[in-house]
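Chain by chain, the residues:
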Amino acid sequence: MVIIRFIITAALFIPAFFLALRYNIHMLQLNGYKNNEQISWLRKNIRKQWILIFAFAVGVLRLFVTSLPADILCWITLYLIFLVFRAHKRLNTKKKLVYTARVKRLVATIIILLMAALVLSAVFLKFERLAGILMIIISVQFWFDIFSNLVNRPVEKSINNYYINDAKKKLRSVQGIKVIGITGSYGKTSVKFYLNTLLKNHFNVLITPESYNTPMGVVKTIRGSLKPTHEIFVCEMGARYVGDIKEICDIVHPEMGIITSIGPQHLETFGDIEHIKDTKFELADALPAGGKLFLNGDNKYIQEKAGSYKDKVFYYSEEKGEGYNSELISVSHLGTQFRVTAPGGESEEFTMKLVGAHNIINVAGAIAVANTLGIPLKELKVPVRQIQPVEHRMQLRAHNDVTIIDDAYNSNPVGSKAAVETLHMFEGVRILVTPGMVELGEKEKEYNYKFGTYAAENCDYILLVGKEDHIAPIRNGAAEKGFPEEKLRCFGKLEEALEYAYSIKAEGHKYILLENDLPDNY
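Predicted model only: the values in this text are computed from it and were never measured.

K.L.:
What should I look at first to understand the pattern of salt bridges in this one?
P.N.:
Pairs can form between side chains of opposite charge once their charged atoms are near each other. Here the structure, examined in full by the defined rule, presents 19 salt bridges. The shortest N-O distance in the salt bridge between Asp-250 and Lys-246 comes to 2.9 Å. Taken as a pair, Asp-250 and Lys-246 lie in helix 10 (residues 244–252) at a separation of four residues, close to a single helical turn. For Asp-250, a relative accessible area of 33% translates into the label partly exposed. Among the salt bridges present, the one from Glu-274 reaches Lys-277, with a minimum N-O distance of 3.1 Å. Pair noted here: Glu-274 and Lys-277 are both in helix 12 (residues 273–280), with a separation of three residues, about one helical turn. Note on Glu-274: relative accessible area 42%, which makes it partly exposed. A network of salt bridges, in which partner residues are shared, links Arg-5, Arg-62 and Asp-71.

K.L.:
Mind showing me how you'd approach the packing of helix 1 (residues 2–30) against helix 2 (residues 35–45) here?
P.N.:
A packed helix pair is summarised by two numbers, namely the angle formed by the two axes and the spacing between the axes. Between helix 1 and helix 2, whose axes approach to 9 Å, the crossing angle comes to 120°. On the basis of the axis angle, helix 1 is oblique to helix 2. When the axes of helix 1 and helix 2 are compared, the crossing they make is right-handed. Taking contact as the criterion, the partners of Tyr-23, Asn-24, Met-27 and Leu-28 in helix 1 are, on helix 2, Asn-35, Gln-38, Trp-41 and Leu-42. Split into classes, the residues belonging to the contact of helix 1 with helix 2 amount to five nonpolar, three polar and no charged.

K.L.:
When you look at a nonpolar patch on the surface in this model, what are you seeing that I'm missing?
P.N.:
A cluster of nonpolar side chains, Met-1, Leu-68, Ile-72, Ile-76 and Leu-80, forms an exposed patch at the surface whose accessible area comes to about 450 Å². By the element assignment, Leu-68 lies in helix 4 (residues 68–91). Given the relative accessible area of 36%, Leu-68 is considered partly exposed.

K.L.:
Honestly, the pairing of strand 10 (residues 395–399) in this entry has me stumped. Any pointers?
P.N.:
Sheet faces and side chains relate simply in a regular strand, where the side chains alternate between the two faces. Note: strand 10 against strand 11 (residues 402–407), five bridges, orientation antiparallel. For Arg-397, the partnering residue across the bridge sits in strand 11 and is Ile-404. Here strand 10 folds back onto strand 11 in antiparallel fashion, the turn holding two residues, of which Asn-400 has a positive phi close to 55°.

K.L.:
Would you mind showing me how to read the sheet that holds strand 9 (residues 347–352) here?
P.N.:
Through backbone hydrogen bonds, the strands of a sheet pair up, either in parallel or in antiparallel fashion. Taken together, nine strands build an open sheet; the order of strands is 2-3-1-4-5-6-7-8-9 and the sheet is mixed. A strand with exactly one partner marks an edge of an open sheet, and here the two such strands are strand 2 (205–207) and strand 9. Recorded for the sheet is a direction-independent mean angle of 20° between the axes of neighbouring strands.

K.L.:
Could you clarify how one ought to interpret the sheet that holds strand 13 (residues 461–465) in this entry?
P.N.:
Spatially, the six strands line up as an open sheet ordered 10-11-15-12-13-14, and their pairing is mixed. Since the sheet does not close on itself, it has two edges, and those belong to strand 10 and strand 14 (488–491), each with one partner. When strand polarity is set aside, the average angle formed by the axes of neighbouring strands in this sheet is 20°. Where helix 17 (residues 413–423) meets the sheet, it contacts strand 11, strand 12 (429–434) and strand 15 (510–515), and its direction lies at approximately 175° from that of strand 15. Across the sheet, helix 19 (residues 468–480) touches strand 13 and strand 14, and the angle it forms with strand 13 is around 165°.

About the thresholds
Residues numbered from 1 in each chain as written. Predicted model: local features only at pLDDT ≥ 70, side-chain atom pairs only at ≥ 80, totals over all residues. Heavy atoms only, no water. Salt bridge = Lys/Arg side-chain N within 4 Å of Asp/Glu carboxyl O. Helix = DSSP H or I, 4+ residues; strand = E, 2+ residues; numbered from the N terminus. Buried < 20%, exposed > 50% of the residue type's maximum accessible area, 1.4 Å probe, protein only. Axes fitted to C-alpha atoms, helices over the stretch in contact; angles between N-to-C directions. Parallel < 35°, antiparallel > 145°, perpendicular 65-115°, else oblique. Left-handed = near helix turned anticlockwise from the far one by under 90°. Contact = heavy atoms within 4.5 Å. Nonpolar A, V, L, I, M, F, W, Y, C, P; charged D, E, K, R; others polar. Patch = residues over 30% accessible without salt bridge, like charges linked within 9 Å, V, L, I, M, F, W, Y side chains within 5 Å. Areas by Shrake-Rupley, 256 points an atom, 1.4 Å probe, with all protein chains shown as cover. Pairing = 2+ DSSP bridges.

Geometric descriptors of this kind do not, in isolation, establish any biological role.
Dropping the structure here:
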């Protein structure tokens, strides 16, 4: 009878354990395999795994009480764990778990640790108490991932170094290739795609795909896509910690660099704006003698830091001064017209499909680089018209009487303000759907409050998504501006907010701005 009860416990344990394991490995992957970020995430989100805490209490009880009712309690708890983590799997669909070789090695290490724990327990404890051990093991499952990640670190470092050295060798083998690094708190992915559009008719260009901007993402691009015929490699460089940009620069050795912006992005990991400034300018430090550095001259943080790089700098800005100057001519929901004047006096008018005056500065940066590479401004007029919105960055999708303005990727204080101001240009019912901004450290509430004030001035409806403590500052900011309470609603899920947005009965076309979409680990 004891053996049968244990078999039932083990049979329920296996699927419950591996569903919980899958969930926590997914979160570890989203947190960049960084144990400190995973631990920080666990502290903030422990409620999502409340059932595991309950399982620990059941496990301790089962160690001392070996009766049938205690086993039944274990079975019920394991079944609940199965249901909870199956629900997590269904809900976490924004960026799915990728079963990379690293994930497979991590799972293998966890299984070895699990088997070792079971063998030791079988040796030192009586058989009838093993069910309690299973419950305790599953209750501390999230620590298995962290410990296994630590155990595997030397192996992962060795493997990464092999791939990095191979990528360096392959990049060196392409004679005459010019590497352009792009970084910034925001705008870097957009500028990368804009620049590719402007250059591809004159050069054979390789860019890092999508939002690949980590060292291993860059390495994967080089090893998988670089060909001997490529003339330019446009490399996006992301950062969450001081030294991250330098690490990528040490791999690709850029000759040209673009810093699109500096602002309070990822303050949670950087700590303060000074660390962000230092990190972004690691790209400038990596440029060789004679290298060219393109800077957004309208950004105050860039201006504060740029003084010691004068011999390399080419500015692009909306304010008249040295470098490339851009000037708004007209803007509507159909597109934007503007003028760019080069340092030598050459000037041209441009028309683009991108909506919003805030896009001009990023396109102007791409124009500055392309022009410096020898393409006359006049020859850039057609490519500028061909620029398409980057996916999830003010991307318009029309459906009958509703237009979705998809700005769901990685919202920031500057971009969120520009997004609602752009929404205000549209004639119709203007609806904002947002969970607010994250990763802003101690400033998060302040910036979300300001976002609420901007939203109130530019939107007809404000639909907030997420936890009460996170969306409260936005609601308070909107209230401060006198926004009508009946037009501000809160929802637990994005789907619920969208369903309500579609149901709003009002005359005119509806424009729904999706401003930010939190990843699964928020």
